[in-house]
Amino acid sequence: MAKTDKIEIQERVTHVAMEMMMKFGLRGLNMVELARECGLAKATLYKIIGTKEDLIRQIAFQILDVNMLRILEPYKTKDDPVEVVKEFLDNYLNYAISAQKILNQQIYKEYPLIEKEVDDRFECEVKIVSDKLNEWQEKGLIRQDINVDYCIDALTALDEIYIMGNYSEQEAIERLRESFTCMLRGMGIEI
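Report follows, based on the coordinates. (Residues numbered from 1 in each chain as written. Predicted model: local features only at pLDDT ≥ 70, side-chain atom pairs only at ≥ 80, totals over all residues. Heavy atoms only, no water.)

Overall, the coordinates contain 17 salt bridges when judged by the stated rule. A salt bridge links Arg27 to Glu110, with the shortest nitrogen-to-oxygen separation between them at 3.3 Å. Of this pair, Arg27 sits in the loop between α1 (3–24) and α2 (31–38) while Glu110 sits in helix α5 (residues 81–110), placing them 83 residues apart in sequence. Taking relative accessible area as the criterion, Arg27 reaches 75% and is therefore assigned exposed. (Salt bridge = Lys/Arg side-chain N within 4 Å of Asp/Glu carboxyl O. Helix = DSSP H or I, 4+ residues; strand = E, 2+ residues; numbered from the N terminus. Buried < 20%, exposed > 50% of the residue type's maximum accessible area, 1.4 Å probe, protein only.)

Below you can see the structure in the form of structure tokens.
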């Protein structure tokens, strides 16, 4: 099997596995069913993905890449605090919640070492957001009398409360929208 074929098959397997998890949860990710869905023998599936934990790790990083890092992109490319925060909130609340629930409520509980790996990478990205907020503070675009790092800690804690809580996806979205809006306005970003 050519290296490009293996990569394409691996991407297909990861995509199908992610769809299965989004639909049925982590416990619904059945390797026999996954192999069947991908048109592979079970032994071939394991040759391509390694262990189930390796596949779950790959999915966790895909969730991070697609759902979390992408929503932080405006902080890297734009300078207007209002525009950045609106785009961030719209992206986050429109598509990142369900994947984040699977990541936090299912994957991390079953695979705590994956949580550490993903969190380390996410912390690097949060540093970019922190740096941007500090830059805006220096320019006078947000309040001068706040501690940016404490605000990020508070937003992260709010996110964790509503993602890890027993809220429906819609209720989590509404609570996060209101909480984030309140916090961001308190930082001096009029959204």
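In this section: the packing of helix α4 (residues 52–77) against helix α6 (residues 112–138). Direction vectors running N to C along α4 and α6 enclose 5 degrees, while the axes themselves pass 10 Å from each other. With respect to α6, the element α4 is oriented roughly parallel. Facing α4, whose interface residues are Glu53, Ile56, Arg57, Ala60, Phe61, Leu64, Asp65, Met68, Leu69, Leu72, Tyr75 and Lys76, α6 presents Ile114, Glu117, Val118, Arg121, Phe122, Glu125, Ile128, Val129, Lys132 and Trp136. Across the contact of α4 with α6, the residue classes break down as 14 nonpolar, no polar and eight charged. (Axes fitted to C-alpha atoms, helices over the stretch in contact; angles between N-to-C directions. Parallel < 35°, antiparallel > 145°, perpendicular 65-115°, else oblique. Contact = heavy atoms within 4.5 Å. Nonpolar A, V, L, I, M, F, W, Y, C, P; charged D, E, K, R; others polar.)

Of all hydrophobic cores here, the largest spans 64 residues; its most connected members are Leu29, Leu34 and Ile107. Going through the elements one at a time, α1, α2, α3 (42–49), α4, α5, α6, α7 (148–164) and α8 (169–186) are the ones with two or more residues in this core. What Leu29 contacts, discounting residues up to four positions off in sequence, is Ala17, Met20, Met21, Leu34, Lys52, Leu55, Ile56 and Ile59. (Core = buried A, V, L, I, M, F, W, Y, C linked by side-chain atoms within 4.5 Å.)

Once that is clear, we can look at the environment of Trp136. The topology assignment puts Trp136 in helix α6. Aside from chain neighbours lying at most four places away, what touches Trp136 is Tyr75, Lys78, Asp79, Asp80, Pro81, Val84, Leu141, Ile142 and Ile189.

Another point: the packing of aromatic side chains. Counted under the stated rule, the structure contains four aromatic pairs. With centroids separated by 6.0 Å and ring planes inclined at 35 degrees, the aromatic side chains of Tyr75 and Trp136 adopt a geometry described as tilted. Of this pair, Tyr75 sits in helix α4 while Trp136 sits in helix α6; the two residues are 61 residues apart in sequence, bridging distant segments of the chain. By relative accessible area, Tyr75 is classed as buried at 6%. Ring geometry for Phe88 versus Phe180: centroids 6.3 Å apart, planes at 10 degrees, classification stacked. One end of the pair, Phe88, is in helix α5; the other, Phe180, is in helix α8, with 92 residues separating them in the sequence. The pair Phe88 / Phe180 is uniform in exposure class, with both members buried. Through pairs of rings, three or more aromatic residues link up here, namely Tyr75, Phe88, Trp136 and Phe180. (Phe/Tyr/Trp six-rings, centres within 6.5 Å; stacked < 30°, edge-to-face > 60°.)

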